[in-house]
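Here's the letter readout for the chains.
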Amino acid sequence: MSSFVLEASGLVKSFGQTHALAGVDLRVRTGESLAIMGASGSGKTTLLHCLAGIVAPDTGTVAFQSGAGRVEVTALGERERSRLRREAFGFVFQQGLLIPELTAVENVALALMLNGMPRARAEEYGGGWLAALGLAGMEDRRIGQLSGGQAQRVAIARAQVTGAAVVFADEPTGALDSATSAEVMRALLDSTTGQGRTLVVVTHDADVAGRCSRIVDMRDGRIVGERVPAGASAEAGA
Amino acid sequence: MIGRVAWLLARPGTGGLAPLALPATAFAIVTALLLTVLGGAQSFWSWTDDMGVTYQALAVVALVLLVVPLSSLGGAAARLSARRRDDRLATLRLLGATPATVSALAVLESVVLAVVGAVAGVVLYFLLVPLIALIPFRGEPLGLDGVLLGLPALVGVVGGVALLAAASAVLGLRQVVISPLGVRTRQDAPKLHWLRIVVGLAVIAVAFGMMAVLQVAGSAMVILAMLGAAFGGTIAVLNLIGPWVIRLVARSQARRAKTPQRLLAARAVLESPKAAWRQVSGVAMTSFMAVFAGTGIALLGSFGEAADTESMLLFADIRTGILITVVGSFLMVACSVGVNQAASILDRADLSRSLGMLGMPTATMEAARRRSVMSPLRITAIGSAVTAAVVMLPLTGITIIVAPLSLAVIAAVLAAGIGVVWLGLVATKPMLERSASV
């Protein structure tokens, strides 16, 4: 079995006249934390969306390797890609984008309920994840009653609760102060690579990227460099 | 300075022109319907004979039935216009704009949208006038002269709509002014006091009492005033009790919800029972009217064929009046559902898109949205019909209310009202699909 959980090859994606991706090849190793860095408009979010099957590239392929076998993500229809995202991937966005009217535990449990788990069990699991992320006692709070860092940890719990093989995070600390940002990043890493899962982070924050095991730099829709942050394990690499 | 900032805020944002067009369209429909109703009533007031008073009494009932929900729809349009911008205005508060500046901006923008919409509504009214003039009452068409309103009435209605928009903008944005963070982070938990139900039941009891003594009331004017107050009061009370009952039911549904769509729907209703009520309050009106129409038609039928020509003409006219009022009410319901749903989808576009990214099927989102409207709708339709039956009881008696013809008309009108809401949901489904697409 390949040790790469994701393999992208020759990804090209344009939006009208804008070339977001201009031929990207990338392999993501199982259990690593990969940071994708670059200026605004460099194509890093589009790359994350292609890897996660959120958008289909114009050309190129993305393959996902799991215990169940190899899946050609780019060959799947919209419905199958939706299902793959729901069952195999987790997502953390900059704003959390949690459902404001649901409580913290309901937001987390919803991810399991969508996969058919009964609500009581889903909330039990969800509560466990919240507690593991330091949010015990806050299960019944509405999202508006949580701080930015707490809300982001609810989003991390939601991304993890389904046992996602890969968690994709798009500027997960973008709206947080530096202390909270470090705290959220620690929670994100502990709950992903700390458990043998894979984390792909899009960020423009060098501190966030520095906590990952590998960094790729993007410019004008291409990967222009790759490095291993100081202190990170040098064994990660494509 | 305020003018310049207002102009900047008026530029289309990521939602395109819809945030501006939606409330303006709603104001246009409200104005056109209001003018149409007033035009029809005006023609009744030109009759000075004995039968004229009967027609005027019926016109008062129809006016109350239509004007109260019209103003509620107008309020919804005004709130929508204010809400579309409250995020940006709250941001201005965070940036240090004074409460006075924020209030002035909110009022200015809402009034401009209301006036633009109202003027379009006047044009729509002029297009409708020839059709309304053809409607026969007392054996002949109402005629253009009868239904065409004068300039003072037109200016008055446009001014009234603008005033309504201004008042709603001030009230709606009070929260932004008091606590900008309250709106930006949506922390406020909805509060609805149980006292609503007490006040509501008291008003219904008073309305019941008024209907019971209507027969012995003195002059025609007193009867007119009592009829108007009883019907108007009951409809207003539905607005008071409705959100409270909807919240009660939604709380229980949220506790028992087993599927994502049921949980999302119940929580969406709980987030703002008032908003959930506003979406379907037109149906409260339709249910109310269903009982009114059903019993009215059955009552007319019970008078038999022995009636003289003049009475037969009156009965035919009452049927026409009921039909017009029901159709008008449906138009308001359709408008209300369409506007509210479109606004709600626009409001939640970012969230819908992110849920789509997470892999939530659009069908689940759509099912939750449908349930969050249809569940309050069921409560509203049944509750309002029962309330109307209670108020009508002293006037018509239980025999008329449960007569097969009454029940048939009530069922048909309710089915049509629910159908209109359903159509409003179906019509906005493509919008949800677009906003959830990733």
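Now for a look at the structure at hand. (Residues numbered from 1 in each chain as written. Chains lettered and ligands numbered in written order. Predicted model: local features only at pLDDT ≥ 70, side-chain atom pairs only at ≥ 80, totals over all residues. Heavy atoms only, no water.)

## Side note on the overall build of chain B
So, point 1. The helix and strand inventory of chain B stands at 17 helices and two strands.
So, point 2. By the burial criterion, 50% of the 438 residues in chain B qualify as buried.
So, point 3. Considering only residue pairs separated by 6 or more positions, chain B has 85% of its internal contacts joining residues 24 or more positions apart.
So, point 4. Accessible surface for chain B amounts to roughly 19,300 Å². Of this, 70% is attributable to carbon and sulfur atoms. (Helix = DSSP H or I, 4+ residues; strand = E, 2+ residues; numbered from the N terminus. Buried < 20%, exposed > 50% of the residue type's maximum accessible area, 1.4 Å probe, protein only. Contact = heavy atoms within 4.5 Å. Areas by Shrake-Rupley, 256 points an atom, 1.4 Å probe, with all protein chains shown as cover.)

## Section: the overall build of chain A
So, point 1. Each helix and strand in chain A was counted, giving seven helices and ten strands.
So, point 2. If you take every contact in chain A between residues at least 6 apart in sequence, the share linking residues at least 24 apart comes to 68%.
So, point 3. As displayed, chain A offers around 9,600 Å² of accessible surface, 47% of which is attributable to carbon and sulfur atoms.

## A closer look at the pattern of salt bridges
Residue and element names in this part refer to chain A.
So, point 1. Under the definition given, this model contains 16 salt bridges over all chains.
So, point 2. Where Glu226 meets Arg214, a salt bridge forms, and the shortest distance between an N and an O atom there is 3.1 Å. With Glu226 in strand S10 (residues 222-227) and Arg214 in strand S9 (residues 214-219), the pair connects residues that are twelve residues apart, well separated along the chain.
So, point 3. With a relative accessible area of 0%, Arg214 lands in the buried category.
So, point 4. With its nearest N and O atoms 2.8 Å apart, the salt bridge here joins Arg227 to Asp217. In this pair, Arg227 sits in strand S10 while Asp217 sits in strand S9, placing the two residues ten residues apart along the sequence.
So, point 5. For Arg227, a relative accessible area of 39% corresponds to the partly exposed category.
So, point 6. Here Asp217 falls in the buried class, since its relative accessible area comes to 19%. (Salt bridge = Lys/Arg side-chain N within 4 Å of Asp/Glu carboxyl O.)

## A closer look at the interface of chain A and chain B
So, point 1. If you look at the interface, chain A gives 23 residues, while chain B gives 31 residues.
So, point 2. Each partner contributes to the roughly 2,400 Å² buried at the junction of chain A and chain B, and carbon and sulfur atoms together form 63% of this total.
So, point 3. The largest per-residue losses of area from chain A upon contact with chain B belong to Glu101, Arg119 and Arg142 of chain A, which jointly make up 26% of the total buried on that side.
So, point 4. Summed over the shared surface of chain A and chain B, the number is two salt bridges.
So, point 5. Linking Arg142 of chain A and Glu271 of chain B is a salt bridge whose minimum nitrogen-to-oxygen distance equals 2.8 Å. (Buried area = accessible area lost by both parts, 1.4 Å probe.)

## Brief notes about helix H17 (residues 404-436) of chain B
So, point 1. Relative to the 48 Å expected for 33 residues at 1.5 Å per residue, H17 of chain B spans 46 Å between its end C-alpha atoms, a close match to the ideal helical length.
So, point 2. The sharpest bend along H17 of chain B comes to roughly 35°, located at Thr428 of chain B, with the proline Pro430 of chain B sitting one to four residues further on. (Expected span 1.5 Å × (residues − 1). Bend = angle between axes of the 7 residues up to and from the residue.)

## Notes on the environment of Met392 of chain B
Residues and elements named next belong to chain B.
So, point 1. Structurally, Met392 can be placed in helix H15 (residues 362-396).
So, point 2. Through-space distance from the C-alpha of Met392 to that of Val291 is 8.1 Å; in sequence the pair is 101 residues apart.
So, point 3. If near-sequence neighbours (up to four positions away) are discounted, Met392 is found in contact with Phe231, Val291, Phe292, Thr295, Gly397 and Ile401.

## Quick look at the packing of helix H11 (residues 260-271) of chain B against H15 of chain B
Helix packing for two helices is described by the angle between their axes and how far apart those axes are.
Residues and elements named next belong to chain B.
So, point 1. Two elements in contact, H11 and H15, have axes separated by 8 Å at closest approach and are oriented at 50°. Relative to H15, H11 is oriented oblique. Judged by the sense of rotation from one axis to the other, the crossing of H11 with H15 is right-handed. Touching Pro260, Gln261, Arg262, Leu264, Ala265, Ala268 and Val269 of H11 are Thr364, Ala367, Ala368, Arg371, Ser372 and Pro376, all from H15.
So, point 2. For the contact of H11 with H15, a count of residues per class yields eight nonpolar, three polar and two charged. (Axes fitted to C-alpha atoms, helices over the stretch in contact; angles between N-to-C directions. Parallel < 35°, antiparallel > 145°, perpendicular 65-115°, else oblique. Left-handed = near helix turned anticlockwise from the far one by under 90°. Nonpolar A, V, L, I, M, F, W, Y, C, P; charged D, E, K, R; others polar.)

## Some points on the pairing of S10 of chain A
All names here are of chain A.
So, point 1. Note that S9 and S10 share five bridges and pair antiparallel. What sits directly across from Asp217, in S10, is Gly225.
So, point 2. Connecting S9 to the next strand, S10, in antiparallel fashion are two residues, including Asp220 with a positive phi near 50°. (Pairing = 2+ DSSP bridges.)

## Quick look at helix H2 (residues 78-88) of chain A
Along an α-helix, residues three or four apart share an orientation, since each turn contains 3.6 residues.
So, point 1. Among the residues of H2 of chain A, those classed as buried are Arg81, Ser82, Leu84, Arg85, Arg86 and Ala88 of chain A.
So, point 2. Where the residues of H2 of chain A are buried, they touch strand S4 (59-66), strand S6 (89-92) and strand S7 (166-170) of chain A together with helix H14 (349-358) of chain B.

## Notes on the environment of Asp25 of chain A
All names here are of chain A.
So, point 1. Inspection of the secondary structure puts Asp25 in strand S2 (residues 18-29).
So, point 2. Separated by 37 residues in the primary sequence, Asp25 and Val62 have C-alpha atoms spaced 9.4 Å apart.
So, point 3. Discounting residues that sit within four places of it in the chain, Asp25 has contacts with Ala8, Ser9, Gly10 and Ile223.

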